[in-house]
Amino acid sequence: MARFKSLCTTEENCEKLVRDISTIIDSDNFLSLVDFYTPYTPTRLKIALDQYQIDGDVNKLEEEIQARYLYDSNISGNIIVKDYPPLVHIELSPICNYRCKFCFQQDEEHFKDMDFMSLDLFKIIIDQLEGNVPYITFSNRGEPTMNPHFIEMMEYCRGKFLDIKINTNGSLLTRDKIESILNTVNTLAFSVDSVKEYSEYRVNGNFERVMNNIKLVHEMRKPHHNIVTRVSGVYCGQEDDSKYFDQYVDQTSFIQYHPWKEIYDLPTHQSKVLCTEPFYRMYILYDGSVNSCDVDYKAVIGKNFPKISKDMSVKDVWKSHELSRIRNMHMSGKRSCIYPCNKCPFPEAAG
Ligand SMILES: C[S@@+](CC[C@H](N)C(=O)[O-])C[C@H]1O[C@@H](n2cnc3c(N)ncnc32)[C@H](O)[C@@H]1O
Ligand code: SF4
(Lines give C-alpha, C1' and ligand atoms only; values in the text may rest on other atoms or scores of the structure.)
(Ligands and ions follow the chains in the order given, each with its own letter.)
Protein backbone atom coordinates (compact mmCIF):
# COMPACT_ATOMS: atom_id res chain seq x y z
CA MET A 1 0.00 0.00 0.00
CA ALA A 2 1.69 3.20 -1.15
CA ARG A 3 1.27 6.28 0.97
CA PHE A 4 0.57 8.77 -1.80
CA LYS A 5 -1.37 6.97 -4.48
CA SER A 6 -4.30 9.23 -5.22
CA LEU A 7 -6.71 9.53 -8.11
CA CYS A 8 -6.03 13.11 -9.01
CA THR A 9 -8.14 14.46 -11.86
CA THR A 10 -5.45 16.89 -13.03
CA GLU A 11 -4.84 16.37 -16.72
CA GLU A 12 -1.75 18.48 -17.21
CA ASN A 13 1.14 16.71 -18.88
CA CYS A 14 4.15 16.99 -16.59
CA GLU A 15 6.67 16.11 -19.26
CA LYS A 16 5.45 18.86 -21.58
CA LEU A 17 5.39 21.41 -18.75
CA VAL A 18 8.95 20.59 -17.75
CA ARG A 19 10.03 20.85 -21.40
CA ASP A 20 8.31 24.25 -21.73
CA ILE A 21 9.91 25.51 -18.51
CA SER A 22 13.33 24.25 -19.57
CA THR A 23 13.21 26.61 -22.54
CA ILE A 24 12.87 29.52 -20.06
CA ILE A 25 15.17 28.70 -17.18
CA ASP A 26 18.62 27.30 -17.30
CA SER A 27 18.92 24.62 -14.63
CA ASP A 28 19.91 20.98 -14.97
CA ASN A 29 18.58 19.11 -12.00
CA PHE A 30 14.85 19.77 -12.34
CA LEU A 31 14.66 17.85 -15.64
CA SER A 32 14.55 14.62 -13.65
CA LEU A 33 11.23 15.81 -12.19
CA VAL A 34 9.49 13.93 -15.00
CA ASP A 35 10.77 10.65 -13.54
CA PHE A 36 9.36 11.06 -10.04
CA TYR A 37 6.73 13.75 -9.86
CA THR A 38 3.90 13.59 -7.35
CA PRO A 39 0.19 14.00 -8.26
CA TYR A 40 0.04 17.73 -7.57
CA THR A 41 3.26 18.64 -9.43
CA PRO A 42 1.71 19.23 -12.89
CA THR A 43 -0.87 21.58 -11.36
CA ARG A 44 1.83 23.58 -9.54
CA LEU A 45 4.01 23.77 -12.66
CA LYS A 46 1.07 24.92 -14.77
CA ILE A 47 0.25 27.65 -12.23
CA ALA A 48 3.89 28.78 -12.16
CA LEU A 49 4.09 28.83 -15.96
CA ASP A 50 0.81 30.76 -16.30
CA GLN A 51 2.07 33.25 -13.72
CA TYR A 52 5.31 33.65 -15.68
CA GLN A 53 3.32 34.42 -18.85
CA ILE A 54 1.70 37.27 -16.90
CA ASP A 55 4.62 38.78 -14.95
CA GLY A 56 7.72 37.44 -16.77
CA ASP A 57 9.35 36.81 -13.35
CA VAL A 58 11.99 34.14 -14.04
CA ASN A 59 13.14 34.06 -10.41
CA LYS A 60 9.67 33.08 -9.19
CA LEU A 61 9.47 30.32 -11.80
CA GLU A 62 12.88 29.06 -10.79
CA GLU A 63 11.95 29.16 -7.09
CA GLU A 64 8.91 26.99 -7.80
CA ILE A 65 10.79 24.44 -9.86
CA GLN A 66 13.60 24.17 -7.29
CA ALA A 67 11.07 23.76 -4.47
CA ARG A 68 9.17 21.14 -6.43
CA TYR A 69 12.41 19.33 -7.19
CA LEU A 70 13.40 19.21 -3.51
CA TYR A 71 9.93 18.05 -2.47
CA ASP A 72 9.38 15.39 -5.15
CA SER A 73 12.94 14.20 -5.04
CA ASN A 74 12.78 13.45 -1.31
CA ILE A 75 9.39 11.75 -1.54
CA SER A 76 10.82 9.46 -4.17
CA GLY A 77 13.74 8.44 -1.98
CA ASN A 78 16.37 10.62 -3.67
CA ILE A 79 17.29 12.24 -0.35
CA ILE A 80 18.50 15.85 -0.16
CA VAL A 81 18.40 17.43 3.31
CA LYS A 82 18.85 21.20 3.38
CA ASP A 83 18.56 23.70 6.26
CA TYR A 84 14.77 23.65 6.07
CA PRO A 85 12.21 21.12 4.85
CA PRO A 86 10.33 22.01 1.65
CA LEU A 87 7.03 21.55 3.47
CA VAL A 88 5.87 22.41 6.98
CA HIS A 89 2.48 21.45 8.40
CA ILE A 90 1.17 23.79 11.07
CA GLU A 91 -1.46 22.51 13.45
CA LEU A 92 -3.80 25.43 14.15
CA SER A 93 -6.08 23.11 16.09
CA PRO A 94 -5.66 19.56 17.38
CA ILE A 95 -9.34 19.77 18.34
CA CYS A 96 -12.12 18.76 15.96
CA ASN A 97 -15.90 19.14 15.86
CA TYR A 98 -16.20 15.82 13.95
CA ARG A 99 -15.39 12.26 14.95
CA CYS A 100 -14.94 10.67 11.52
CA LYS A 101 -15.29 6.93 11.56
CA PHE A 102 -11.78 6.38 10.21
CA CYS A 103 -9.97 9.16 12.12
CA PHE A 104 -7.81 9.14 15.25
CA GLN A 105 -10.10 11.86 16.66
CA GLN A 106 -12.12 8.89 17.87
CA ASP A 107 -9.43 8.54 20.54
CA GLU A 108 -11.17 11.08 22.81
CA GLU A 109 -8.91 10.44 25.77
CA HIS A 110 -5.79 11.44 23.86
CA PHE A 111 -7.10 14.81 22.67
CA LYS A 112 -9.12 15.88 25.69
CA ASP A 113 -6.65 18.37 27.25
CA MET A 114 -5.38 19.95 24.06
CA ASP A 115 -5.75 23.58 23.04
CA PHE A 116 -5.59 25.81 19.96
CA MET A 117 -2.31 27.27 18.69
CA SER A 118 -1.85 30.81 20.05
CA LEU A 119 -1.57 33.76 17.67
CA ASP A 120 1.81 34.65 19.21
CA LEU A 121 3.32 31.25 18.52
CA PHE A 122 1.82 31.26 15.03
CA LYS A 123 3.55 34.56 14.23
CA ILE A 124 6.88 33.31 15.57
CA ILE A 125 6.63 30.26 13.32
CA ILE A 126 5.58 32.19 10.21
CA ASP A 127 8.40 34.71 10.70
CA GLN A 128 10.89 31.85 10.80
CA LEU A 129 9.44 30.09 7.76
CA GLU A 130 9.05 33.09 5.47
CA GLY A 131 11.72 33.03 2.74
CA ASN A 132 13.02 29.64 3.93
CA VAL A 133 10.19 27.18 3.38
CA PRO A 134 8.21 27.30 0.11
CA TYR A 135 5.15 25.25 1.04
CA ILE A 136 3.01 25.26 4.15
CA THR A 137 -0.11 23.29 5.00
CA PHE A 138 -2.63 24.06 7.69
CA SER A 139 -3.66 20.57 8.57
CA ASN A 140 -2.65 17.97 11.01
CA ARG A 141 -4.74 16.32 13.67
CA GLY A 142 -7.82 18.54 14.09
CA GLU A 143 -9.98 21.07 12.27
CA PRO A 144 -7.92 24.23 11.48
CA THR A 145 -10.94 26.53 11.00
CA MET A 146 -11.83 26.06 14.69
CA ASN A 147 -8.94 28.25 15.81
CA PRO A 148 -10.46 31.48 17.23
CA HIS A 149 -7.70 33.52 15.52
CA PHE A 150 -8.15 31.80 12.17
CA ILE A 151 -8.82 34.98 10.16
CA GLU A 152 -5.92 36.91 11.72
CA MET A 153 -3.67 33.93 11.03
CA MET A 154 -4.67 33.84 7.36
CA GLU A 155 -4.00 37.57 7.10
CA TYR A 156 -0.61 37.26 8.77
CA CYS A 157 0.77 34.69 6.32
CA ARG A 158 -0.74 36.17 3.16
CA GLY A 159 1.70 36.33 0.21
CA LYS A 160 4.60 34.87 2.20
CA PHE A 161 4.83 31.39 0.61
CA LEU A 162 4.71 29.73 -2.81
CA ASP A 163 1.81 27.50 -1.83
CA ILE A 164 -0.41 27.60 1.23
CA LYS A 165 -2.71 24.64 1.57
CA ILE A 166 -5.53 23.95 3.96
CA ASN A 167 -7.49 20.77 4.59
CA THR A 168 -10.86 21.35 6.17
CA ASN A 169 -14.06 19.46 6.80
CA GLY A 170 -15.75 22.65 5.56
CA SER A 171 -18.45 22.66 8.23
CA LEU A 172 -17.48 25.85 10.10
CA LEU A 173 -16.87 28.26 7.24
CA THR A 174 -18.44 31.70 7.34
CA ARG A 175 -18.32 34.45 4.72
CA ASP A 176 -15.46 36.12 6.63
CA LYS A 177 -13.45 32.94 6.92
CA ILE A 178 -14.00 32.17 3.23
CA GLU A 179 -12.87 35.68 2.28
CA SER A 180 -9.68 35.25 4.31
CA ILE A 181 -9.04 31.85 2.71
CA LEU A 182 -9.64 33.07 -0.84
CA ASN A 183 -7.19 35.92 -0.33
CA THR A 184 -4.45 33.76 1.20
CA VAL A 185 -4.72 30.08 0.42
CA ASN A 186 -3.56 28.50 -2.87
CA THR A 187 -4.94 24.99 -2.34
CA LEU A 188 -8.20 24.47 -0.53
CA ALA A 189 -9.12 20.83 0.08
CA PHE A 190 -12.55 19.93 1.42
CA SER A 191 -12.64 16.52 3.05
CA VAL A 192 -15.80 14.90 1.73
CA ASP A 193 -15.99 11.21 0.98
CA SER A 194 -19.51 10.54 -0.14
CA VAL A 195 -22.85 12.11 -0.99
CA LYS A 196 -25.37 9.54 0.23
CA GLU A 197 -23.30 8.10 3.08
CA TYR A 198 -21.66 11.34 4.21
CA SER A 199 -22.73 11.29 7.86
CA GLU A 200 -21.96 7.63 8.20
CA TYR A 201 -18.27 8.42 7.64
CA ARG A 202 -18.12 12.02 8.85
CA VAL A 203 -19.59 11.52 12.30
CA ASN A 204 -21.22 14.79 13.59
CA GLY A 205 -21.23 16.08 10.01
CA ASN A 206 -24.10 17.50 8.00
CA PHE A 207 -23.74 17.09 4.22
CA GLU A 208 -26.07 19.94 3.35
CA ARG A 209 -24.22 22.44 5.49
CA VAL A 210 -20.85 21.45 4.02
CA MET A 211 -22.21 21.52 0.46
CA ASN A 212 -23.64 24.99 1.07
CA ASN A 213 -20.20 26.14 2.15
CA ILE A 214 -18.53 24.55 -0.88
CA LYS A 215 -21.07 26.32 -3.11
CA LEU A 216 -20.48 29.59 -1.26
CA VAL A 217 -16.74 29.32 -1.90
CA HIS A 218 -17.50 28.64 -5.58
CA GLU A 219 -19.75 31.71 -5.68
CA MET A 220 -17.37 34.07 -3.80
CA ARG A 221 -14.31 32.99 -5.76
CA LYS A 222 -13.14 35.54 -8.34
CA PRO A 223 -10.61 35.19 -11.20
CA HIS A 224 -7.94 37.15 -9.27
CA HIS A 225 -7.93 34.58 -6.43
CA ASN A 226 -4.89 32.39 -6.88
CA ILE A 227 -6.50 29.21 -5.62
CA VAL A 228 -7.15 25.59 -6.61
CA THR A 229 -10.15 23.96 -4.94
CA ARG A 230 -10.46 20.25 -4.37
CA VAL A 231 -12.78 17.71 -2.85
CA SER A 232 -10.58 15.13 -1.25
CA GLY A 233 -12.07 11.98 0.22
CA VAL A 234 -11.02 8.89 2.06
CA TYR A 235 -11.88 5.78 0.08
CA CYS A 236 -13.38 3.11 2.32
CA GLY A 237 -15.23 1.08 -0.32
CA GLN A 238 -18.14 3.51 -0.79
CA GLU A 239 -19.79 4.38 -4.09
CA ASP A 240 -17.77 6.83 -6.22
CA ASP A 241 -19.66 10.15 -6.04
CA SER A 242 -16.76 12.28 -7.27
CA LYS A 243 -18.59 13.46 -10.43
CA TYR A 244 -21.12 15.23 -8.23
CA PHE A 245 -18.50 17.76 -7.09
CA ASP A 246 -17.08 18.60 -10.52
CA GLN A 247 -19.28 21.67 -11.00
CA TYR A 248 -18.14 23.25 -7.70
CA VAL A 249 -14.40 22.48 -7.43
CA ASP A 250 -11.38 22.21 -9.74
CA GLN A 251 -10.28 18.74 -8.71
CA THR A 252 -11.40 15.65 -6.87
CA SER A 253 -9.11 13.06 -5.38
CA PHE A 254 -9.48 10.08 -3.12
CA ILE A 255 -6.88 8.55 -0.88
CA GLN A 256 -7.08 5.02 0.38
CA TYR A 257 -8.25 4.54 3.96
CA HIS A 258 -5.24 3.99 6.23
CA PRO A 259 -5.58 2.34 9.65
CA TRP A 260 -4.33 5.47 11.45
CA LYS A 261 -6.34 5.13 14.60
CA GLU A 262 -5.17 1.54 15.17
CA ILE A 263 -1.52 2.19 14.38
CA TYR A 264 -0.12 1.52 17.86
CA ASP A 265 -1.77 -1.93 17.92
CA LEU A 266 -0.65 -3.09 14.48
CA PRO A 267 1.78 -6.02 14.24
CA THR A 268 5.47 -5.10 14.48
CA HIS A 269 7.35 -5.37 11.19
CA GLN A 270 11.07 -5.69 10.42
CA SER A 271 11.14 -3.47 7.33
CA LYS A 272 14.45 -1.88 6.40
CA VAL A 273 12.88 0.23 3.66
CA LEU A 274 13.55 3.89 4.19
CA CYS A 275 10.48 6.03 4.85
CA THR A 276 10.86 9.53 3.40
CA GLU A 277 8.55 11.36 5.84
CA PRO A 278 11.31 12.71 8.15
CA PHE A 279 13.25 14.01 5.13
CA TYR A 280 10.79 16.29 3.39
CA ARG A 281 8.30 17.56 5.90
CA MET A 282 7.90 18.67 9.46
CA TYR A 283 4.79 18.86 11.60
CA ILE A 284 4.59 21.72 14.08
CA LEU A 285 1.93 20.93 16.65
CA TYR A 286 -0.36 23.40 18.43
CA ASP A 287 2.07 23.97 21.34
CA GLY A 288 5.26 24.27 19.27
CA SER A 289 6.27 20.66 19.68
CA VAL A 290 7.38 18.90 16.52
CA ASN A 291 6.82 15.54 14.92
CA SER A 292 8.12 13.97 11.72
CA CYS A 293 5.08 11.93 10.72
CA ASP A 294 1.29 12.25 10.84
CA VAL A 295 0.63 8.52 11.11
CA ASP A 296 2.05 8.80 14.65
CA TYR A 297 -0.81 10.94 15.99
CA LYS A 298 0.39 10.65 19.59
CA ALA A 299 3.70 12.22 18.49
CA VAL A 300 5.78 9.50 20.12
CA ILE A 301 8.61 9.84 17.57
CA GLY A 302 8.95 13.54 18.32
CA LYS A 303 8.75 13.35 22.11
CA ASN A 304 12.45 14.25 22.51
CA PHE A 305 12.61 16.77 19.67
CA PRO A 306 13.17 20.37 20.81
CA LYS A 307 10.10 22.61 20.79
CA ILE A 308 9.80 25.64 18.50
CA SER A 309 9.83 28.96 20.34
CA LYS A 310 11.32 32.43 20.12
CA ASP A 311 14.68 30.91 21.09
CA MET A 312 14.47 27.64 19.19
CA SER A 313 14.10 28.01 15.43
CA VAL A 314 12.59 25.68 12.87
CA LYS A 315 16.05 25.32 11.35
CA ASP A 316 17.56 24.35 14.73
CA VAL A 317 14.94 21.66 15.19
CA TRP A 318 15.18 20.42 11.59
CA LYS A 319 18.97 20.06 11.97
CA SER A 320 18.83 18.91 15.61
CA HIS A 321 20.63 15.84 16.83
CA GLU A 322 17.29 14.23 17.77
CA LEU A 323 15.67 14.59 14.35
CA SER A 324 18.90 13.73 12.53
CA ARG A 325 19.09 10.55 14.59
CA ILE A 326 15.66 9.44 13.31
CA ARG A 327 16.72 10.17 9.73
CA ASN A 328 20.02 8.31 10.20
CA MET A 329 18.23 5.26 11.56
CA HIS A 330 15.98 5.21 8.49
CA MET A 331 19.01 5.63 6.21
CA SER A 332 20.88 2.77 7.84
CA GLY A 333 18.01 0.27 7.62
CA LYS A 334 17.12 0.53 11.33
CA ARG A 335 13.61 1.81 10.84
CA SER A 336 12.16 -1.17 12.70
CA CYS A 337 14.07 -0.10 15.84
CA ILE A 338 11.93 3.05 16.11
CA TYR A 339 8.52 2.89 17.78
CA PRO A 340 5.99 3.33 16.18
CA CYS A 341 7.82 3.29 12.80
CA ASN A 342 7.92 -0.47 13.39
CA LYS A 343 4.09 -0.49 13.47
CA CYS A 344 3.61 1.64 10.37
CA PRO A 345 1.00 0.42 7.89
CA PHE A 346 3.36 1.34 5.01
CA PRO A 347 6.39 -0.86 5.74
CA GLU A 348 7.30 -1.32 2.08
CA ALA A 349 6.82 2.30 0.99
CA ALA A 350 9.64 4.70 0.23
CA GLY A 351 7.20 7.53 0.90
C1 LIG B 1 -6.89 14.50 10.00
S2 LIG B 1 -7.66 15.54 8.83
C3 LIG B 1 -7.43 17.15 9.50
C4 LIG B 1 -8.00 18.26 8.67
C5 LIG B 1 -9.52 18.39 8.62
N6 LIG B 1 -10.16 18.14 9.83
C7 LIG B 1 -10.09 17.53 7.52
O8 LIG B 1 -10.77 16.56 7.79
O9 LIG B 1 -9.78 17.83 6.37
C10 LIG B 1 -6.49 15.55 7.50
C11 LIG B 1 -6.83 14.62 6.36
O12 LIG B 1 -6.72 13.27 6.80
C13 LIG B 1 -7.75 12.51 6.20
N14 LIG B 1 -7.92 11.28 7.00
C15 LIG B 1 -8.44 11.15 8.24
N16 LIG B 1 -8.42 9.85 8.65
C17 LIG B 1 -7.86 9.15 7.62
C18 LIG B 1 -7.56 7.76 7.43
N19 LIG B 1 -7.82 6.86 8.36
N20 LIG B 1 -6.99 7.39 6.28
C21 LIG B 1 -6.70 8.31 5.32
N22 LIG B 1 -6.95 9.64 5.45
C23 LIG B 1 -7.53 10.04 6.58
C24 LIG B 1 -8.92 13.46 6.23
O25 LIG B 1 -9.95 13.08 5.35
C26 LIG B 1 -8.27 14.76 5.83
O27 LIG B 1 -8.22 14.89 4.42
S1 SF4 C 1 -10.81 13.57 9.46
FE2 SF4 C 1 -10.74 15.77 9.95
S3 SF4 C 1 -12.89 16.23 10.29
FE4 SF4 C 1 -12.75 14.08 10.49
S5 SF4 C 1 -12.46 13.74 12.69
FE6 SF4 C 1 -10.45 13.74 11.68
S7 SF4 C 1 -9.74 15.78 11.96
FE8 SF4 C 1 -11.95 15.83 12.28
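You'll find the structure just up there.
This one's a predicted model, so the numbers in the text were calculated from it and none came from an experiment.

A. Focus on the site of ligand 2. Surrounding ligand 2, one finds Cys-96, Tyr-98, Arg-99, Cys-100, Cys-103, Gln-105, Gly-142, Glu-143, Asn-169 and Ser-191. Among the residues forming the shell around ligand 2, the class breakdown is 4 nonpolar, 4 polar and 2 charged.

B. A look at the site of ligand 1. Taken together, the neighbourhood of ligand 1 is formed by 17 residues, with Phe-102, Cys-103, Asn-167, Ser-191 and His-258 sitting nearest. Elements supplying a minimum of two residues to the shell around ligand 1: β3 (163-168) and β5 (228-235). Classifying every residue of the shell around ligand 1 by side-chain character gives 8 nonpolar, 7 polar and 2 charged.

C. Helix α10 (residues 207-220), seen in detail. Compared with an ideal rise of 1.5 Å per residue, which puts 14 residues at 20 Å, α10 spans 20 Å between its outermost C-alpha atoms and is within 8% of the ideal. Taken together, the buried positions of α10 are occupied by Val-210, Asn-213, Ile-214 and Val-217. The arc that holds the buried residues of α10, viewed along the axis, is 100 degrees, so those residues lie on one side. Seen from the buried face of α10, the exposed residues on the opposite side, beyond 90 degrees, are Glu-208, Lys-215 and Glu-219. At its buried positions, α10 is contacted by α8 (175-182), β4 (187-191) and β5.

D. Region of the structure containing the nonpolar core. If you look at the biggest cluster of nonpolar residues, it comprises 71 residues, and the most contacted ones within it are Val-88, Ile-136, Ile-284 and Val-290. Per-element tally for this core: the top contributor is helix α4 (residues 58-75), with 6 residues. Once residues lying within four places of it in the same chain are set aside, the contact partners of Val-88 are Leu-129, Val-133, Ile-136, Arg-281, Met-282, Ile-284 and Val-314.

E. Region of interest: the pairing of β4. Most of β4 sits out of view: 5 of its 5 residues are buried. Going residue by residue along β4, you find Thr-187, Ala-189 and Ser-191 tucked away on one face and Leu-188 and Phe-190 tucked away on the opposite face as well. With 5 bridges connecting them, β4 and β5 associate as parallel partners. Considered in β5, the bridge of Thr-187 is made with Val-228.

F. Fine view of the sheet that holds β5. The 8 strands are arranged β6-β5-β4-β3-β2-β1-β7-β8 in an open sheet whose pairing can be described as mixed. Whereas interior strands pair on both sides, the edge strands pair on one side only; in this sheet they are β6 (251-256) and β8 (290-291).

G. Looking closely at the packing of helix α6 (residues 119-129) against helix α7 (residues 150-157). Packing of α6 against α7 leaves a shortest axis separation of 11 Å and a crossing angle of 15 degrees. By the criterion of interaxial angle, the relationship of α6 to α7 is roughly parallel. The element α6 and its partner α7 pack so that their crossing is right-handed. In this structure, α6 uses Leu-119, Phe-122, Lys-123 and Ile-126 to contact α7, whose residues at the interface are Glu-152, Met-153, Tyr-156 and Cys-157. Considering only residue class, the contact of α6 with α7 consists of 6 nonpolar, no polar and 2 charged.

H. How the structure looks around the environment of Met-211. In this structure, Met-211 sits in helix α10. Separated by 59 residues in the primary sequence, Met-211 and Glu-152 place their C-alpha atoms 25 Å from one another.

I. Local environment of unusual backbone geometry. Note that the residue after Tyr-339, namely Pro-340, is joined by a cis bond; omega there is 5 degrees. Along the polypeptide, Pro-340 turns up in the segment after α13 (321-331). For Asn-204, which is not glycine, the phi dihedral falls at a positive 85 degrees. We classify Asn-204 as partly exposed; it has 13 C-beta atoms within 10 Å. Unusually for a residue other than glycine, Ala-299 sits at a positive phi of about 55 degrees. Mapping Ala-299 onto the fold places it in the loop between β8 and α12 (314-318).

J. Looking closely at the environment of Gly-131. Within the fold, Gly-131 resides in the loop between α6 and β2 (135-138). Judged by C-beta crowding, with 10 C-beta atoms within 10 Å, Gly-131 ranks as exposed. The spacing of Gly-131 and Phe-36 is 95 residues in sequence and 26 Å in space, taken between C-alpha atoms.

Scoring rules and cut-offs
- Residues numbered from 1 in each chain as written.
- Chains lettered and ligands numbered in written order.
- Predicted model: local features only at pLDDT ≥ 70, side-chain atom pairs only at ≥ 80, totals over all residues.
- Near = placed C-beta within 6 Å.
- Nonpolar A, V, L, I, M, F, W, Y, C, P; charged D, E, K, R; others polar.
- Helix = DSSP H or I, 4+ residues; strand = E, 2+ residues; numbered from the N terminus.
- Expected span 1.5 Å × (residues − 1).
- Buried ≥ 20, exposed ≤ 12 C-beta atoms within 10 Å, placed from the backbone.
- Arc of directions from axis to C-beta.
- Contact = placed C-beta atoms within 7 Å.
- Core = buried A, V, L, I, M, F, W, Y, C linked by C-beta atoms within 7 Å.
- Pairing = 2+ DSSP bridges.
- Axes fitted to C-alpha atoms, helices over the stretch in contact; angles between N-to-C directions.
- Parallel < 35°, antiparallel > 145°, perpendicular 65-115°, else oblique.
- Left-handed = near helix turned anticlockwise from the far one by under 90°.

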